[in-house]
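# What the coordinates show
One letter stands for each residue in the lines below.
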Amino acid sequence: MAEMQQNLDIAQIEQEILRCSSLGELESLRIKYFGKKGLITQKFAELKDLDPNKKKEIAKELNLFKSSFEENFSIKKEKLENIELQQVLLNEKIDPSLFYATNERSLGHPINYTKDRIIEYFRNLNFDLCVGPLIEDDFHNFQALNLPEYHPARDMQDTFYFKDFKLLRTHTSPVQIRTMLAQKPPIKMICPGATFRRDYDLTHTPMFHQIEGLVVDEIGKVNFTHLKFILEDFLKYLFGDIKVRFRASFFPFTEPSAEVDISCHFCNGEGCRVCSHTGWLEVLGCGVVDSRVFEAVGYSNVSGYAFGMGIERLAMLTCQISDLRSFFETDLGVLEQF
Ligand SMILES: [Zn+2]
């Protein structure tokens, strides 16, 4: 009997149950006492060999122990199940108000990301960041940029007009005009922003973004060589190890004018679908500011250069996107890829 009491200490088993900190530990304890080879299971099995009086006494004790165990076990089990459930609920919590959650840090929308990278480059060279209105008048959008009425170059741009002859700006160049009208030279500025033209296909959307730059200083202080140097450096910053070439071109507001190509980084200049098998990608336009633009804003004895680029075009080339319209369709499946 002394042996029995030692093994069946009800207070001790209560403590053992209390100390369990997981359902796994609790189950191990159950197996220890009531498993197939458990201590109590064995003692029940041994009952058959005892004489009837002893058998009755020990059976009573075993049953007392068993019911005490079962009671404590089920209370503890319920507690642990609750704790584990709370843990699961906490870990698997879904916040339906959360539009999109990921552990990966997003670079943002490809257009904003590309725009920010471009701005960062020029801000590091102390270019001022300038903005202007989206709704413009004919003077700032066309006339002051050497695009007088009936100038054939106006056909290059399909313009959204309002009834009162105001218009949605077709480029960010009017910001350059507004800045020159408001400030004396020297000027060193970039102007990013939305622009509008009546176009809609694989490579055109009615709203798109440009960044233009303008540098003006005393005559002789800035020239085409400066422009060439800064744009080559900028394009290498944006695209890495590429070749840059300048092609003579025409813009009404610059003379001379050039279009700038980079060697195709998709095929290393070998020729592919993206570069129309030429090995070159057109990325921006630039030139020395036409004297008639300076006349329009009342500047004299100055020289300057300007450049402009489409942000969508650069984002398509850096993020490898083939359809421009996917930028504006808010398809998370597409945008997530960046
Ligand atoms: Zn190519």
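Calculation notes
- Residues numbered from 1 in each chain as written.
- Predicted model: local features only at pLDDT ≥ 70, side-chain atom pairs only at ≥ 80, totals over all residues.
- Heavy atoms only, no water.
- Buried < 20%, exposed > 50% of the residue type's maximum accessible area, 1.4 Å probe, protein only.
- Helix = DSSP H or I, 4+ residues; strand = E, 2+ residues; numbered from the N terminus.
- pLDDT = per-residue confidence, 0-100.
- Contact = heavy atoms within 4.5 Å.
- Salt bridge = Lys/Arg side-chain N within 4 Å of Asp/Glu carboxyl O.
- Core = buried A, V, L, I, M, F, W, Y, C linked by side-chain atoms within 4.5 Å.
- Donors = N, O, S within 2.8 Å, 3.2 Å for Na, K, Ca; no water.
- Tetrahedral: all angles 85-135°; square planar, octahedral: opposite > 155°, others 65-115°.
- Pairing = 2+ DSSP bridges.
- Axes fitted to C-alpha atoms, helices over the stretch in contact; angles between N-to-C directions.
- Parallel < 35°, antiparallel > 145°, perpendicular 65-115°, else oblique.
- Left-handed = near helix turned anticlockwise from the far one by under 90°.
- Nonpolar A, V, L, I, M, F, W, Y, C, P; charged D, E, K, R; others polar.
- Phe/Tyr/Trp six-rings, centres within 6.5 Å; stacked < 30°, edge-to-face > 60°.
- Polar contact = N/O pair within 3.5 Å; in protein donor to acceptor, adjacent residues only side chain to side chain.

### A look at helix α11 (residues 311–319)
Of all the nine residues making up α11, seven are buried; the element is thus mostly covered by neighbouring parts of the structure. Turning to α11, its buried residues number three or more, namely I311, E312, L314, A315, M316, L317 and C319. With its phi angle positive at about 55°, Q320 sits one or two positions after the end of α11.

### Let's talk about the confidence of the model for the chain
On average, residues of the chain score 88 in pLDDT, and 89% of them reach the 70 mark or higher. At the low end of the mean pLDDT range in the chain sits helix α1 (residues 2–7), at 48; at the high end sits strand β9 (residues 302–310), at 97. The model gives residues 1–6 a pLDDT under 50, and that stretch makes nine contacts with residues more than four places away or in other chains.

### Some words on the pattern of salt bridges
Scanning all chains against the criterion turns up ten salt bridges. A salt bridge links R245 to D261; the nearest nitrogen and oxygen atoms lie 2.9 Å apart. Of this pair, R245 sits in strand β6 (residues 244–251) while D261 sits in strand β7 (residues 254–263), and the two are 16 residues apart along the sequence. Notably, a salt bridge pairs D290 with R292, separated by 3.5 Å at the nearest N-O pair. For D290, a relative accessible area of 7% corresponds to the buried category.

### Here's the deal with the nonpolar core
Counting residues in each nonpolar core, the largest one holds 42 residues, and the members touching the most others are F122, F234, L235, F239, F307 and M309. Residue assignment for this core shows that the elements contributing at least two residues are α6 (110–124), β5 (207–218), α9 (224–239), β7, β8 (280–289), β9 and α11. Ranked by residue count, the leading element in this core is α9, at seven residues. In contact with F239, not counting residues within four places along its chain, are I262, H265, V283, L314, L317 and T318. Of all hydrophobic cores here, the second largest spans 23 residues; its members include M180, L214, F251 and F294.

### A few points about the coordination of the zinc ion
Around the zinc ion, the protein contributes the donor atoms C264 (SG), C267 (SG), C272 (SG) and C275 (SG), at 2.2 to 2.3 Å from the metal centre. With four donor atoms in place around the zinc ion and angles of 103 to 114° between them, the coordination shape is tetrahedral. Donor residues for the zinc ion sit on one chain with the sequence pattern C-x2-C-x4-C-x2-C. An identical accessibility class is assigned to C267 and C272; each is buried.

### Structural notes on the sheet that holds β5
The seven strands are arranged β1-β4-β5-β9-β8-β7-β6 in an open sheet whose pairing can be described as mixed. Strands with a single pairing partner mark the edges of an open sheet, and in this sheet they are β1 (128–129) and β6. Docked against the sheet, α9 engages β6, β7, β8 and β9, running at close to 150° with respect to β8.

### Thoughts on the packing of helix α2 (residues 10–19) against helix α5 (residues 52–91)
At their nearest, the axes of α2 and α5 sit 10 Å apart, and the two run at 20° to each other. Between α2 and α5, the interaxial angle falls into the category roughly parallel. Both α2 and α5 take part in a crossing whose hand is right-handed. Contact with α2, carried on its side by I10, I13, E14, I17 and L18, involves L64, F65, S68, F69, N72, F73 and K76 of α5 and no other residues of that element. Split into classes, the residues belonging to the contact of α2 with α5 amount to eight nonpolar, two polar and two charged.

### Some words on the packing of aromatic side chains
Taken as a whole and judged by the stated rule, the model has 16 aromatic pairs. Measuring from ring centre to ring centre gives 4.9 Å for Y121 and F122, while their planes differ by 85°; the resulting arrangement is edge-to-face. Centroid distance F224 to F246: 6.1 Å. Interplanar angle 70°. Geometry classified as edge-to-face. Taken together, the residues span a long stretch of sequence, with F224 in helix α9 and F246 in strand β6 at a distance of 22 residues. We classify F224 as partly exposed; its relative accessible area is 24%. A connected cluster of aromatic rings, assembled from ring pairs, spans Y121, F122, F127, F234, Y237 and F307.

### A short note on the side chain of D138
Assignment of secondary structure puts D138 in helix α7 (residues 138–141). Looking at D138, the relative accessible area reads 19%, which means it is buried. At a separation of 2.9 Å, a polar atom in the side chain of D138 contacts the side chain of Q143.

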